[in-house]
Amino acid sequence: MLKQHILIFHTVFFALCVMILAACSSSKFIPEKQYLLDRVEIHSDDKAVNAKQFESLIRQHANSRWFSLFKIPMGTYDLAGKDSTKWINRTLKRIGEKPVIYDTVQARKTCDDLLMAMKNMGYMQSSVSVDTRIKGKKLTAIYTLHPRKPYYVKSIHYDIADSLIASILEKDYLKTNRIKKGAQFSVNDLDEERKRITATLVDKGYYHFNKDFITYSADSVKDDKGIDLTLHLHLYRANNNDTEHPHPQYRIRNVNFFGNADSSLPLRRSVLDNNCHIEPGRLFSATDLQNTYNYLGRLSAVKYTNIQFHEVDDHQLDCDVQVSTNKPNSISFQPEGTNTAGDLGAAATLTYQNRNIFHGSELFSLELRAAFEAITGLEGYQNQDYEEYGVKASLAFPKFMAPFLSRSFTRNSHGSSELSLAYNLQNRPEFHRRVFSAAWRYKWSEPNHHSAYKLDLIDLNYVYMPWISPTFKHDYLDDTNNRNAILRYNYENLFIMKIGFGVTYNNGVQALKANIETAGNILGGLANACLFKKNANNQHTLFNIAYAQYVKADVDYTHLIKFDSRNELALHAGFGIAYPYGNSTVLPFEKRYFSGGANSVRGWNVRELGPGRFRGTDGRIDFINQTGDMKLDLNMELRTKLFWKFNGALFLDAGNIWTIRNYADQPGGQFHFDEFYKQIAVAYGLGIRLNFDYFIVRFDMGMKAVNPAYETSREHFPIIHPDMSRDFAFHFAVGLPF
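Residues numbered from 1 in each chain as written. Predicted model: local features only at pLDDT ≥ 70, side-chain atom pairs only at ≥ 80, totals over all residues. Heavy atoms only, no water.

Counting secondary structure elements, the protein contains 15 helices and 27 strands. A buried classification covers 43% of the 738 residues belonging to the protein. Charge centroids of the protein, computed over 86 positive and 78 negative side chains, lie 3 Å from each other. (Helix = DSSP H or I, 4+ residues; strand = E, 2+ residues; numbered from the N terminus. Buried < 20%, exposed > 50% of the residue type's maximum accessible area, 1.4 Å probe, protein only. Lys, Arg positive; Asp, Glu negative; His and termini not counted. Charge placed at Lys NZ, Arg CZ, Asp CG, Glu CD.)

Moving on to unusual backbone geometry. In the segment running from Gly 610 into Pro 611, the intervening peptide bond is cis, with an omega of 0 degrees. Among the structural elements, Pro 611 can be located in the loop between β22 (567-580) and α13 (622-625). A positive phi angle, near 60 degrees, is found at Ser 68, a position not held by glycine. The residue Ser 68 is located in the loop between β1 (36-44) and α2 (72-78) in this model. For Ser 68, a relative accessible area of 27% translates into the label partly exposed. With a phi angle near 60 degrees, His 359 is a residue other than glycine that sits in the positive phi range. Exposure remark for His 359: the relative accessible area of 44% places this residue in the partly exposed category.

Quick look at the packing of aromatic side chains now. For any pair of aromatic rings, the description rests on two quantities: the centre-to-centre distance and the angle between the ring planes. Evaluated as defined, the whole model comprises 29 aromatic pairs. Relative to Tyr 442, the ring of Trp 440 lies with its centre 6.0 Å away and its plane at 90 degrees, an arrangement referred to as edge-to-face. Neither Trp 440 nor Tyr 442 differs from the other in exposure class; each is buried. Linked through ring pairs, Phe 400, Trp 440, Tyr 442, Trp 444, Tyr 453 and Phe 501 together constitute an aromatic cluster. Directly above the ring of Phe 651 sits Arg 602, whose terminal nitrogen or CZ lies 3.9 Å from the centroid. (Phe/Tyr/Trp six-rings, centres within 6.5 Å; stacked < 30°, edge-to-face > 60°. Lys NZ or Arg CZ within 6 Å of the ring centre and 35° of its normal.)

Okay, the pattern of salt bridges next. Here the idea is simple: oppositely charged side chains can pair when their charged atoms come close. Enumeration according to the criterion identifies 41 salt bridges in this entry. Put simply, Glu 55 and Lys 52 hold a salt bridge, and the shortest N to O gap is 3.5 Å. Glu 55 gets classed as partly exposed once you look at its relative accessible area, which sits at 29%. Given the relative accessible area of 58%, Lys 52 is considered exposed. Glu 568 is paired through a salt bridge with Arg 639; the nearest N and O atoms lie 3.9 Å apart. Residue Glu 568 is found in strand β22, and its partner Arg 639 is found in strand β23 (residues 630-643); the two are separated by 71 residues along the sequence. (Salt bridge = Lys/Arg side-chain N within 4 Å of Asp/Glu carboxyl O.)

On to the pairing of strand β15 (residues 431-446), then. Two strands pair when backbone bridges link them, and strand β14 (residues 414-427) and β15 are joined in this way by 14 bridges, in the antiparallel orientation. Across the sheet, the residue bridging to Asn 424 is Val 435, located in β15. Counting the residues that bridge the hairpin from β14 to β15 gives three residues. One ladder, built from 15 bridges, connects β15 with strand β16 (residues 451-468); its direction is antiparallel. Its bridge partner lying in β16, Phe 436 is registered against Tyr 462. Counted between consecutive antiparallel strands, the loop separating β15 from β16 contains four residues, among which His 450 sits at a positive phi close to 60 degrees. (Pairing = 2+ DSSP bridges.)

Further remarks concern the sheet that holds β1. Across the sheet, three strands lie side by side as β1-β3-β2; this open sheet has mixed pairing. Unpaired on one side and paired on the other, β1 and β2 (127-135) mark the two borders of the sheet. Each adjacent strand pair in this sheet contributes to an overall mean axis angle of 20 degrees, direction not counted. (Axes fitted to C-alpha atoms, helices over the stretch in contact; angles between N-to-C directions.)

So, on to the nonpolar core. Counting residues in hydrophobic clusters, the biggest one holds 35 residues, and the most contacted among them are Leu 201, Phe 209, Leu 233, Ile 278 and Phe 309. Listing elements by their share of this core, those giving two or more residues are α5 (163-172), α6 (187-202), β6 (226-233), β7 (251-258), α7 (269-275), α8 (286-297), β8 (302-312) and β9 (316-325). With four residues, β9 is the single largest residue contributor to this core. When neighbours within four sequence positions are excluded, Phe 209 is seen to be in contact with Ile 165, Thr 198, Leu 201, Val 202, Ile 214, Leu 233 and His 247. Within the second largest apolar cluster, 27 residues are counted, among which are Val 435, Met 465, Ala 548 and Ile 657. (Core = buried A, V, L, I, M, F, W, Y, C linked by side-chain atoms within 4.5 Å. Contact = heavy atoms within 4.5 Å.)

Below, the discussion takes up the side chain of Thr 198. Turning to its location among the elements, Thr 198 is positioned in helix α6. On the basis of relative accessibility, which here comes to 12%, the residue Thr 198 falls in the buried class. In terms of polar contacts, Thr 198 uses its side chain to reach the backbone amide nitrogen of Lys 211, at 3.4 Å. Beyond its immediate chain neighbours, meaning those up to four positions away, Thr 198 contacts Phe 209, Asn 210, Lys 211 and Ile 214. (Polar contact = N/O pair within 3.5 Å; in protein donor to acceptor, adjacent residues only side chain to side chain.)

In this section: the sheet that holds β9. Note on sheets: strands pair through backbone hydrogen bonds, and any given pair is parallel or antiparallel. Here we have three strands laid out as an open sheet, ordered β7-β9-β8, and mixed in their pairing. Both outer strands of the open sheet, β7 and β8, are each paired with one neighbouring strand and no more. Ignoring strand direction, the axes of neighbouring strands in this sheet form an average angle of 20 degrees. Strands β8 and β9 of the sheet are contacted by α8, whose axis makes an angle of about 155 degrees with β8.

Looking now at the environment of Ala 578. Along the chain, Ala 578 falls in strand β22. Given the relative accessible area of 0%, Ala 578 is considered buried.

A word on the pairing of strand β25 (residues 681-691). Every other side chain in a regular strand lies on the same face of the sheet, so the side chains alternate between the two faces. Bridging between strand β24 (residues 646-658) and β25 involves 10 bridges; their strand directions are antiparallel. Bridge assignment links Ala 654 to a residue of β25, and that residue is Val 682. Pairing geometry for β25 and strand β26 (residues 696-706), over 10 bridges, is antiparallel. By the bridge assignment for β26, Tyr 684 is matched with Met 703. Linking β25 back to β26 in an antiparallel pair, the connection comprises four residues, with Asp 693 at a positive phi of about 70 degrees.

Bringing a nonpolar patch on the surface into the picture now. Where nonpolar side chains cluster on the molecular surface, the patch consists of Ile 331, Phe 333, Leu 350, Leu 368, Val 391, Leu 421, Tyr 423 and Phe 436 and spans about 750 Å² of accessible area. When residues of the nonpolar patch are traced back to their parent elements, those giving at least two are β10 (329-340) and β14. As for its position among the elements, Leu 421 is in strand β14. (Patch = residues over 30% accessible without salt bridge, like charges linked within 9 Å, V, L, I, M, F, W, Y side chains within 5 Å. Areas by Shrake-Rupley, 256 points an atom, 1.4 Å probe, with all protein chains shown as cover.)

This brings us to helix α10 (residues 470-477). Among all positions in α10, only Phe 472, Tyr 476 and Leu 477 are buried. Taken down its axis, α10 places every buried residue within 75 degrees of arc, on the same side. Residues of α10 that are exposed and point more than 90 degrees away from the buried face comprise Pro 470 and His 474. Next to the buried residues of α10 lie β16 and α11 (485-489). (Arc of directions from axis to C-beta.)

All told, the structure shown has zero disulfides when counted by the stated rule. Unpaired in this structure, Cys 276 has its nearest cysteine sulfur neighbour in Cys 319, at a distance of 6.0 Å. The exposure class assigned to Cys 276 is buried, which follows from its relative accessible area of 3%. By relative accessible area, Cys 319 is classed as buried at 0%. (Disulfide = S-S within 2.5 Å.)

Let's shift gears to the side chain of Thr 627. Along the chain, Thr 627 turns up in the loop between α13 and β23. For Thr 627, a relative accessible area of 1% gives the class buried. Polar side-chain contacts of Thr 627 include one of 2.6 Å to the backbone oxygen of Ile 624. Contacts of Thr 627, omitting those with residues within four sequence positions, involve Phe 589, Arg 592, Tyr 593, Arg 607, Pro 611, Ile 657, Thr 659 and Gln 666.

Here it is as structure tokens:
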């Protein structure tokens, strides 16, 4: 398997080298007396004007570059011969990119567009020039902006013919007007103010109002950069033959709901009313209309919504809300293959969903999972393989379900409540494990602020170990020479009662995820008061089962730097720390951190790195030993669009995990401020991604660069002494790593 991955790596590298050479020497498709547009630059001779903001106005761009460096698509096209009857030539041209020939007409039109944009920003006396720099058959186009001194707003006056609108704007708008005396003149700002006034009035019942009723007049004096502005808001006129009169203000008379054309509406009226913000007696409001679309659209039972208004007498509107619903029931089947340290297996998940089980858009989900893995290489154990069976049921309500909450709060919040129950059965040659889980959580979002929140009000987990192999018990749990506290703790019955809170923020450029959870505090407070019994390890127990007590916090940040439409740089940092205390000296296995794998330091396979400089010695239990209480991930990934559905990435990863306490079976794993930076692992590599829009299939090939768990200098710095069989890791995953 490793040899196949290495062969793929070498093949991709060789193909890239050939296409890079072709791109560097591309000339056979360039006509005589014409030039390849190699680069386009835009500058400004005034530092106050950022030329980058005008890049979108450039009509002709150079051929795309992979990783902003190599014109591989053009190189692919150039590999094709001129004989179009051959399929290889047609294929290379189709997946490649035709060389861009510099066009003087497009350059002139670009100058005109740039000049217009400059004048709209207030640079009325600006100019734009284009220069070319030629080297062989390649040409660089250089656009230079000459802004000169901008015009400014000398005064602002208002001519509002409708007295009622004048009073509304004086109260709600004019005090926050962003066009101020002395501000730089900008046509774009004027248009934004038209939109802002329009939005204010449409929310006040002016159903027919639009920004065309607002115009400006501007006066300036020769040799004076000041402009006297007047905003005119005209009276209403339905058409050219109508006389002018004050703008009509509309109220809602009736709200009617309709279902699919061939059936009745399967949702309760109370649910529809709770999610409809258009109410009889209220003034028409575009914000209420949009909120109604948003709130009805988030219901799992709703497919789409269509809202129409009909004018009736006395400036009133009847509102018809057509709600088209999804089919309530769906079943999905998802097979998957597994490979754990060379042990092959298969798994399958069957999911049933009902999106409207109580006619209130409640989402009921039932998930059944089964997995099998053929385990090899175990000695002294019964001849059996790994089996797993699980069932999970959840019920989500499209609102907050809690006492003492007002109707306005539950109605205006993008919230949901969820109850979940799960049971998981695992049988391995070494042990049998059962996990029962129950949780009640809330989720809500603020779309206008790009944020979402989750509150785990209560999350219960009961871990039961009905059987442990005598061989495993003798070798790792009962042996007096074995003091692996982490291992022993994770093969005992355990009860976890936790609460947690998480927040996510994503505006397309920056993404932040933060979570905090704590377990055992409530039980810890009751332990002494209720005289909880203690076990042989001096732990308080509930129903004769020790409960976990810890606090855990994680933060994850990603920042995207976009170079152009095909290239971007993703910067990522993640940090997590968990501390066991009170009733626990070790974190439960599910709460411990691990490093390596497709979403961490990709030069290592999952759970092969750390903690600290610890080096695994027993493959049967290293999945326990190579875990920690603290994690640091630092990643940098240059992403580029290749061709068709293929994207590429070059990445550099760094990080590791550590323990807070000093455990005898993890030597070198404890965190120390004066040592941890020496234990940060570094990896680099290449990734290929298939982007199908709704999901991404990812293949990452990573190499170790700096290895903190070393015995020789060659192992310490693999970047200087690479060994493919030792330092190479191949990862397959779905979705981006961050």
